[in-house]
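Tertiary structure, described
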Amino acid sequence: MLRQRIKRRYLLVDVVLFLVALHVRIGSSTDCVQVLKATFEDGTSGFTQSQSDHLNWTRWSGRTPTSFTGPDCDRTFLNKSGHYMYMEEDHADSGQHTDLISPDIKIPDSYQDCDFQFFHNLGGITADVGSLTVFMFWNGAIQTEIWKKINSQSSEPKGWVRRQVKLSPNATVFKLIFRATAGANSSKPSQKGDISIDDITVSCCVGCKSDAFYVADFSVDVNNYTQVKGSDQFDWQRKNSGTSSVGTGPGNDHTFYGNAAGCNGLQGGDHGHYMYIEASHPRQNGDR
């Protein structure tokens, strides 16, 4: 009996609870429909190049040609056989851009609130990497800018980063345009900067809001989660790689874990994050 109690005590103080890539979906399975999915495993997934810009998007697998820039692998399969789209900034003039245009996105009748998700990788030296902008296009013209990232605005984790945007288009048929723009130092021979995208989806809902597809992978921050203060004894923590208690917890996060699939360097699990609680000493039975 004493041995059994000791064993239970050991399990209690060493267990680590962790939380990664929380997906919350509200409503029944008939509430929402996916109207666009692009993984670039079947060619360009219906996306086309603009004929009026300066550069080109390229479908690619594995590491990009310029060292220390793009991802080591795609986002869909996290291996070097999967594909993604990227813009090579090598010797591009500052401000030059290239547009990648989606096929028509058709919203079914009665479906209004739409959720747009994609993954990007802006890799390289900050001054060399330019910007990535997403526009909505209908009636023969760009109507609105819905998302933009200038690499010098803030630091981000290396590897693929998820973005999620709510859409309320004023048209039942529209396109998305991904515009990659070269950075300030792109024309220098020593430039190092690439812009990559993968796993683009648009889902629309009826009878529920687009946040029915809310995703929290904790890769950039805590995804608007907050700690309860005053009524508990300890806090959740955001962490990458292994936890501090030996023999507990995960060795890395789930979202960016790609080492086992041959995704190293910029793509390793050490760059992803998850939320966990440390239940080891000095925590006591009943603490929350």
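Please read all numbers here as calculations on a predicted model, not as lab measurements. (Residues numbered from 1 in each chain as written. Predicted model: local features only at pLDDT ≥ 70, side-chain atom pairs only at ≥ 80, totals over all residues. Heavy atoms only, no water.)

Now for the overall build of the chain. A tally of regular secondary structure across the chain gives one helix and 17 strands. Relative to its full complement of 288 residues, the chain shows a buried share of 47%. By sequence separation, contacts in the chain at least 24 residues apart represent 79% of the contacts at least 6 residues apart. As displayed, the chain offers around 14,600 Å² of accessible surface, 50% of which is attributable to carbon and sulfur atoms. (Helix = DSSP H or I, 4+ residues; strand = E, 2+ residues; numbered from the N terminus. Buried < 20%, exposed > 50% of the residue type's maximum accessible area, 1.4 Å probe, protein only. Contact = heavy atoms within 4.5 Å. Areas by Shrake-Rupley, 256 points an atom, 1.4 Å probe, with all protein chains shown as cover.)

The backbone of Leu 78 shows a phi angle near 50°, a positive value even though the residue is not glycine. Non-glycine residue Ser 110 carries a positive phi angle of around 75°. Turning to its location among the elements, Ser 110 is positioned in the loop between strand 8 (105–106) and strand 9 (113–124). What makes Ser 110 exposed here is its relative accessible area of 53%.

Turning to the nonpolar core, a few remarks are in order. In this structure, Trp 57, Phe 116, Leu 167, Leu 176, Phe 178, Ile 200 and Val 202 are the most contacted members of the largest nonpolar core, which totals 37 residues. Where this core is concerned, the elements lending two or more residues are strand 3 (32–38), strand 6 (83–88), strand 9, strand 10 (131–138), strand 11 (141–150), strand 12 (161–167), strand 13 (173–181) and strand 14 (193–205). Considering each element in turn, this core owes the most residues, five residues, to strand 14. Once residues within four sequence positions are removed from consideration, Leu 176 is found in contact with Leu 36, Leu 100, Ile 101, Ser 102, Ile 105, Phe 116, Val 134, Phe 135, Met 136, Ile 146 and Val 202. (Core = buried A, V, L, I, M, F, W, Y, C linked by side-chain atoms within 4.5 Å.)

Mapped onto the secondary structure, Asp 199 falls in strand 14. No salt bridge forms around the buried Asp 199; measuring N to O, its nearest opposite-charge neighbour Arg 75 is 4.1 Å away. In contact with Asp 199, other than residues within four places in its own chain, are Ala 38, Thr 39, Arg 75, Thr 76, Gln 117, Phe 118 and Phe 119. (Lys, Arg positive; Asp, Glu negative; His and termini not counted. Salt bridge = Lys/Arg side-chain N within 4 Å of Asp/Glu carboxyl O.)

Our focus in this paragraph is the pattern of salt bridges. Any two side chains of opposite charge can pair if their charged atoms end up close together. Inspection of every chain in the model, using the stated rule, returns five salt bridges. A salt bridge links Asp 99 to Arg 179; its shortest N-O distance comes to 2.8 Å. On the criterion of sequence distance, the pair formed by Asp 99 in strand 7 (residues 97–101) and Arg 179 in strand 13 is long-range, its members being 80 residues apart. As a salt-bridge pair, Arg 283 and Asp 287 come within 3.1 Å of each other at their nearest N and O atoms. Take Arg 283: its relative accessible area is 22%, and that puts it in the partly exposed class. The exposure class assigned to Asp 287 is partly exposed, which follows from its relative accessible area of 25%.

Right, let's talk about the packing of aromatic side chains for a bit. When we look at a pair of aromatic rings, we describe it by the centre distance and by the angle of the planes. The full count for this structure, using the stated rule, is 10 aromatic pairs. Geometrically, the ring pair formed by Phe 118 and Trp 147 is edge-to-face, given 5.2 Å between the ring centres and 85° between the ring planes. With Phe 118 in strand 9 and Trp 147 in strand 11, the pair connects residues that are 29 residues apart, well separated along the chain. With respect to burial, Phe 118 and Trp 147 carry one shared label: buried. Considering the side-chain rings of Phe 118 and Phe 178, the 5.4 Å spacing of their centres and the 80° angle between planes classify their relative orientation as edge-to-face. Of this pair, Phe 118 sits in strand 9 while Phe 178 sits in strand 13; the two residues are 60 residues apart in sequence, bridging distant segments of the chain. Comparing Phe 118 with Phe 178, the two get one shared label, buried. The ring centre of Phe 119 lies 4.1 Å from the NZ or CZ of Arg 75, which sits over that ring. (Phe/Tyr/Trp six-rings, centres within 6.5 Å; stacked < 30°, edge-to-face > 60°. Lys NZ or Arg CZ within 6 Å of the ring centre and 35° of its normal.)

With respect to the helices, strands and loops of the structure, Asp 93 is situated in the loop between strand 6 and strand 7. Its relative accessible area of 42% is what places Asp 93 among the partly exposed residues. Spatially, the C-alpha atom of Asp 93 lies 8.0 Å from that of Ala 184, the residues being 91 residues apart in sequence.

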